[in-house]
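# Notes for the structure review
Residues per chain are reported as follows:
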Amino acid sequence: MKQKININAMNQIPKGDNIFTEGEPLNSIAMIIKGRVQVYHDGAKFMMGSGYFLAVSDITTGKYQSTYTALEDSVIYVFGVERKEDLERVLSVNKDYSGYLVASMNRIIYELGETYKGILKYGYSLYNSLT
């Protein structure tokens, strides 16, 4: 289920609701204020919590690359962002946002690395079983 998202405002997201859905045109990003959100893309899924930004890495493509679903009742702040220049404007409003953004991107890189290692481990195990 997906509810209407209010841009440049706090939004309460009930558990199980999608915040952003893969393939939809990107018109905003969000920061998790309270709660946990699952990020899902092509079989990879991981959780992000308070203080993390959602959908920042999707800005370059102009559409959401993942589906973002509330794992529990959550509160997010949604920023109207469609281009890189819009993100720069958001970051200039509050200098702390830059740190949160870096932490968010590091978390995504770490989680994708862990997923990759898991796939490799499974692949090696399957290879050994077959040979």
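Our subject is the structure listed above.
Counting restarts for each chain, with residues numbered from 1 along the sequence as it is written. Reporting of local features is limited, given that this is a predicted model, to residues whose pLDDT is at least 70; pairs of side-chain atoms are given and counted only at 80 or more, and all residues count toward the totals for whole chains, interfaces and linings. Side-chain measures here rest on the full set of heavy atoms in the structure, leaving out hydrogens and waters.

In this section: the nonpolar core. Where a protein is soluble and globular, its nonpolar side chains tend to be buried together. Residues belong to a common nonpolar core when they are buried Ala, Val, Leu, Ile, Met, Phe, Trp, Tyr or Cys residues joined through side-chain atoms within 4.5 Å. Type-normalised accessible area, obtained with a 1.4 Å probe on protein chains alone, sets the label of each residue: buried when under 20%, exposed when over 50%, and partly exposed for intermediate values. Ile-19, Phe-20, Ile-29, Phe-53, Leu-54, Tyr-68 and Phe-79 are the most contacted members of the largest nonpolar core, which totals 31 residues. Per-element tally for this core: the top contributor is strand 3 (residues 28-34), with four residues. When checking whether two residues touch, look at their non-hydrogen atoms; a contact exists if any pair is within 4.5 Å. If we ignore the near neighbours within four places in the chain, the residues touching Leu-54 are Ile-19, Phe-20, Ile-29, Ala-30, Ile-32, Val-37, Met-48 and Tyr-68. Secondary structure counts use DSSP, requiring at least four H or I residues in a row for a helix and at least two E residues in a row for a strand, with both numbered from the N terminus.

Only strands joined by at least two bridges in the DSSP assignment are considered to pair. With antiparallel pairing, four strands are arranged side by side in an open sheet as 2-7-4-5. For this open sheet the edge positions go to strand 2 (18-20) and strand 5 (44-48), each flanked by a neighbour on one side alone. Averaged over neighbouring strand pairs, the angle between their axes works out to 30° when direction is ignored. By the bridge criterion, two bridges tie strand 2 to strand 7 (residues 67-70) in an arrangement that is antiparallel. Counted as the bridge partner of Phe-20 is Tyr-68 from strand 7. Axes here refer to lines fitted to C-alpha atoms; in helices the fit is confined to the stretch in contact. Angles between the N-to-C directions go from 0 to 180 degrees.

It is worth spelling out a nonpolar patch on the surface at this point. A cluster of nonpolar residues, Tyr-116, Leu-120 and Tyr-124, forms a patch on the protein surface that exposes about 340 Å² of accessible area. Residue position: Tyr-116 is located in helix 2 (residues 96-130). Overall, Tyr-116 belongs to the exposed group, its relative accessible area being 52%. Only residues whose relative accessible area exceeds 30% and that take part in no salt bridge are eligible for patches, with like-charged residues grouped when within 9 Å of each other and nonpolar side chains (Val, Leu, Ile, Met, Phe, Trp, Tyr) grouped when within 5 Å. Only the protein chains shown count as covering a residue, and every accessible area follows the Shrake-Rupley method with a 1.4 Å probe. Basic side-chain nitrogens of Lys or Arg form a salt bridge, by our definition, when they fall within 4 Å of a carboxyl oxygen of Asp or Glu.

Moving on, we come to the packing of aromatic side chains. Between rings of Phe, Tyr and Trp, where Trp is taken as its six-membered ring, a pair exists when centres lie within 6.5 Å; planes separated by under 30 degrees are stacked, by over 60 edge-to-face, and by other angles tilted. Throughout the structure, instances matching the rule amount to six aromatic pairs. An angle of 75° between the planes, with centres 5.4 Å apart, marks the rings of Phe-79 and Tyr-97 as edge-to-face. With Phe-79 in strand 8 (residues 74-80) and Tyr-97 in helix 2, the pair connects residues that are 18 residues apart, well separated along the chain. Judged by relative accessible area, Phe-79 falls into the buried class, the value being 6%. Look at Tyr-97 and you get buried, because its relative accessible area is 16%. Ring pairing ties together the aromatic residues Phe-53, Tyr-77, Phe-79 and Tyr-97, which thus form one cluster.

One can find Asn-8 in the segment before strand 1 (9-13). The spatial distance from the C-alpha of Asn-8 to the C-alpha of Ala-30 is 9.3 Å, given a sequence separation of 22 residues. Not counting residues within four places of it along the chain, the set of residues in contact with Asn-8 comprises Tyr-77, Val-78, Phe-79 and Gly-80. We define a polar contact as two N or O atoms separated by no more than 3.5 Å, with the added condition that, inside protein, one atom must be a possible hydrogen donor and the other a possible acceptor, whereas residues neighbouring each other in sequence contribute only through side-chain atom pairs. A distance of 3.3 Å separates the side chain of Asn-8 from the backbone nitrogen of Gly-80, its partner in a polar contact.

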